[in-house]
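Coordinate analysis (summary)
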Amino acid sequence: MEASINEIGRTYHASTSLLGWLFMVFMGGFFFAMILGGRHADKHRKLPAMLVSCILLAAGACIFAWAPSFPMALLAMLVMGIGGGLGEGLAVVVISDIYPDDSRTAMLNWSQVMYAIGAVLGPSVMHLILRIGISWRVGLIVTAIISVMSALITCLGIATRREMPVRHDQQPGHWREVIHDPIVFWLAMGILLYVGQEMGQASWLAAY
């Protein structure tokens, strides 16, 4: 979406400051869904939450693709934010469940490599789509299709029980324990600064 931010602004006659609410709403939904999704997965299972994530991402992308007004686009971003928050944090844990042996680190690294490729390839493909005169809404439709495919893969994982079950003797800790852990705190601060810088550049570089 970042690559087509100017086109979205022209479609809805939205100023740059108004467009900023798209990212604010997305990250608001993302933040709360990631925390609640993690707590839910600790007590129950992860793959059903991943399935909900894929469904919400597909629904949000479809709503945005056909949104007739800017408020509807904001609603779509909230739905996508919730879907993204549910899925992104759990994806790493699901990989660890599927590959619990010596290949776990390699698979986690591969997931980050694919994330980086997608982060570069997505805006580049979107730029080409816009350059040849195709609507920016096509990118959201493709996103919805990919999310539906991911939902089907997740359903296969649920059917074949491709995740480690929560042990009955496992007692999830309180969230305050995590916040008060100094290692977790400083790692979180590093991620906060890194992602803040990354999202800031990715979201607004195209606009300027």
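Thresholds, definitions, all that
- Residues numbered from 1 in each chain as written.
- Predicted model: local features only at pLDDT ≥ 70, side-chain atom pairs only at ≥ 80, totals over all residues.
- Heavy atoms only, no water.
- Helix = DSSP H or I, 4+ residues; strand = E, 2+ residues; numbered from the N terminus.
- Buried < 20%, exposed > 50% of the residue type's maximum accessible area, 1.4 Å probe, protein only.
- Areas by Shrake-Rupley, 256 points an atom, 1.4 Å probe, with all protein chains shown as cover.
- Expected span 1.5 Å × (residues − 1).
- Bend = angle between axes of the 7 residues up to and from the residue.
- Core = buried A, V, L, I, M, F, W, Y, C linked by side-chain atoms within 4.5 Å.
- Contact = heavy atoms within 4.5 Å.
- Phe/Tyr/Trp six-rings, centres within 6.5 Å; stacked < 30°, edge-to-face > 60°.
- Axes fitted to C-alpha atoms, helices over the stretch in contact; angles between N-to-C directions.
- Left-handed = near helix turned anticlockwise from the far one by under 90°.
- Nonpolar A, V, L, I, M, F, W, Y, C, P; charged D, E, K, R; others polar.
- Salt bridge = Lys/Arg side-chain N within 4 Å of Asp/Glu carboxyl O.

Across its full length, the protein chain holds eight helices and zero strands. Counting helices and strands in the order they occur from the N terminus, the protein chain gives α-α-α-α-α-α-α-α. In the protein chain, which comprises 208 residues, the share counted as buried stands at 28%. Carbon together with sulfur atoms contributes 71% to the accessible area of the protein chain, which is approximately 13300 Å² in total.

The residue Ser-53 is located in helix α3 (residues 47-65) in this model. Ser-53 gets classed as buried once you look at its relative accessible area, which sits at 3%.

What follows deals with helix α4 (residues 70-98). Each full turn of the α-helix corresponds to 3.6 residues, which orients residues three or four apart in the same direction. With 29 residues, α4 should cover 42 Å at 1.5 Å per step; its first-to-last C-alpha distance of 41 Å lies within 8% of that length. Along α4, the largest kink reaches about 35° and is centred on Ala-91.

A few words now on the nonpolar core. In globular proteins that are soluble, nonpolar side chains generally tend to be buried together. Membership of the largest hydrophobic core comes to 22 residues, with the highest contact counts inside it found for Ile-8, Tyr-12, Leu-19, Leu-22, Phe-64, Trp-136 and Leu-140. No other element matches α4, which puts five residues into this core. Not counting residues up to four positions away in its chain, the partners in contact with Trp-136 are Ser-4, Glu-7, Ile-8, Thr-11, Tyr-12, Phe-64, Met-126 and Leu-130. Counting six residues, the second largest nonpolar core, distinct from the first, contains Leu-47, Ala-49, Leu-90 and Val-94.

For the coordinates displayed, the defined rule picks out five aromatic pairs. Consider the rings of Phe-64 and Trp-136, whose centres lie 5.7 Å apart with planes at 80°: the pair is edge-to-face. In this pair, Phe-64 sits in helix α3 while Trp-136 sits in the loop between α5 (104-131) and α6 (137-159), placing the two residues 72 residues apart along the sequence. Among the residues examined, Phe-64 registers a relative accessible area of 0% and is labelled buried. An aromatic cluster is defined as three or more aromatic residues linked by ring pairs; in this entry it consists of Tyr-12, Phe-64, Phe-70 and Trp-136.

Within the secondary structure, Leu-108 is located in helix α5. In this structure the C-alpha to C-alpha distance between Leu-108 and Ser-96, which are twelve residues apart in sequence, comes to 7.6 Å. Contacts of Leu-108, omitting those with residues within four sequence positions, involve Val-92, Ile-95 and Ser-96.

Here helix α2 (residues 16-43) crosses α4 at 35°, and the two axes come no closer than 6 Å. Of the two elements, α2 crosses α4, and the hand of that crossing is right-handed. Partitioning the contact of α2 with α4 into residue classes produces 19 nonpolar, six polar and one charged.

On to unusual backbone geometry, then. Trans peptide bonds make up most of the peptide bonds, and negative phi angles are found at most residues other than glycine. Positive phi outside glycine occurs at His-13, with the angle close to 55°. Counting through the fold element by element, His-13 comes out in the loop between α1 (5-12) and α2. Judged by its relative accessible area of 74%, His-13 falls in the exposed class.

Compared with the 33 Å implied by 1.5 Å per residue over 23 residues, the 33 Å span of α6 between its first and last C-alpha is a close match. Within α6, the full set of buried residues consists of Gly-139, Leu-140, Ala-144, Ser-147, Ala-151, Thr-154 and Gly-157. On the buried face of α6, the contacting elements are α3, α4 and α5. Just past α6, the residue Arg-161 takes up positive phi, approximately 55°.

For the rest of this paragraph, the subject is the pattern of salt bridges. Taken as a whole and assessed by the stated rule, the structure comprises one salt bridge. Among the salt bridges present, the one from Arg-10 reaches Glu-7, with a minimum N-O distance of 3.3 Å. Within this pair, Arg-10 and its partner Glu-7 are both found in helix α1, separated by three residues, close to a single helical turn. By relative accessible area, Glu-7 is classed as partly exposed at 23%.

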